[in-house]
Amino acid sequence: QVQLVESGGGLVQPGGSLRLSCAASGSIFSINAMGWYRQAPGKQRELVAAITRGGSTNYADSVKGRFTISRDNAKNTVYLQMNSLKPEDTAVYYCNANLVRVGVPLSRDYWGQGTQVTVSS
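Residues numbered from 1 in each chain as written. Predicted model: local features only at pLDDT ≥ 70, side-chain atom pairs only at ≥ 80, totals over all residues. Heavy atoms only, no water.

On to the state of the cysteines. Tallied over the entire structure, the rule returns one disulfide. Disulfide partner of Cys22: Cys95, at an S-S distance of 2.1 Å. Linking Cys22 and Cys95, the disulfide has an S-S dihedral of approximately -80° and is accordingly described as left-handed. Taken together, the positions of Cys22 in strand S3 (residues 18–26) and Cys95 in strand S9 (residues 91–101) put the pair 73 residues apart, joining distant regions of the chain. By relative accessible area, Cys22 is classed as buried at 0%. (Disulfide = S-S within 2.5 Å. Helix = DSSP H or I, 4+ residues; strand = E, 2+ residues; numbered from the N terminus. Buried < 20%, exposed > 50% of the residue type's maximum accessible area, 1.4 Å probe, protein only.)

See below:
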């Protein structure tokens, strides 16, 4: 079994900051890319940011310069530092990891349960 557990969501005023964390646990052999997606009401899920095992990053244009993704490979954890938050950042944020389980030769995607981020005054 593999679990991705997110934390750090909440309510914040425009211009504020939040830091999301996602820890992967279970029978993990290795983790490839990790990332954060978000889904606002009535909209499709979209990629926010992703990071490879080696640290290469990719961001949605809407968050460049405001959000920073990082990871701790020793802890199987990915972070998303969100600064200068805007009301349009309001969404459920989901953690994603492409990983290989012990004893399973192929990698696949796993998802967290989601954490709500609300940006409102």
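With that settled, consider the sheet that holds strand S8 (residues 77–82). The strand order across the open sheet built from four strands is S1-S3-S8-S7, with neighbouring strands paired in antiparallel fashion. The open sheet has two edge strands with one neighbour each: strand S1 (2–7) and strand S7 (67–72). Direction aside, neighbouring strands of the sheet carry axes that sit 15° apart on average. When S1 meets S3, the two strands line up antiparallel, connected through six bridges. Along S3, the bridge assignment pairs Leu4 with Ala24. (Pairing = 2+ DSSP bridges. Axes fitted to C-alpha atoms, helices over the stretch in contact; angles between N-to-C directions.)

Ranked by size, the top nonpolar core spans 31 residues in total, and within it Trp36, Leu80, Met82 and Tyr93 carry the most contacts. Secondary-structure elements contributing two or more residues to this core are S1, S3, strand S4 (28–39), strand S5 (46–51), S7, S8, S9 and strand S11 (115–119). With five residues, the single largest contributor to this core is S9. (Core = buried A, V, L, I, M, F, W, Y, C linked by side-chain atoms within 4.5 Å.)

If you walk through the whole model with that rule in mind, you get four salt bridges. The salt bridge partner of Asp89 is Arg38, with a shortest N-O separation of 3.0 Å. Taken as a pair, Asp89 in the loop between S8 and S9 and Arg38 in strand S4 lie far apart in primary sequence, 51 residues in all. Under the relative-accessibility criterion, Asp89 is labelled buried at 1%. A salt bridge links Arg66 to Asp89; the nearest nitrogen and oxygen atoms lie 2.8 Å apart. Taken together, the residues Arg66 in the loop between strand S6 (57–59) and S7 and Asp89 in the loop between S8 and S9 connect sequence positions 23 residues apart. Take Arg66: its relative accessible area is 11%, and that puts it in the buried class. What you see here is one network of salt bridges that share partners, running through Arg38, Glu46, Arg66 and Asp89. (Salt bridge = Lys/Arg side-chain N within 4 Å of Asp/Glu carboxyl O.)

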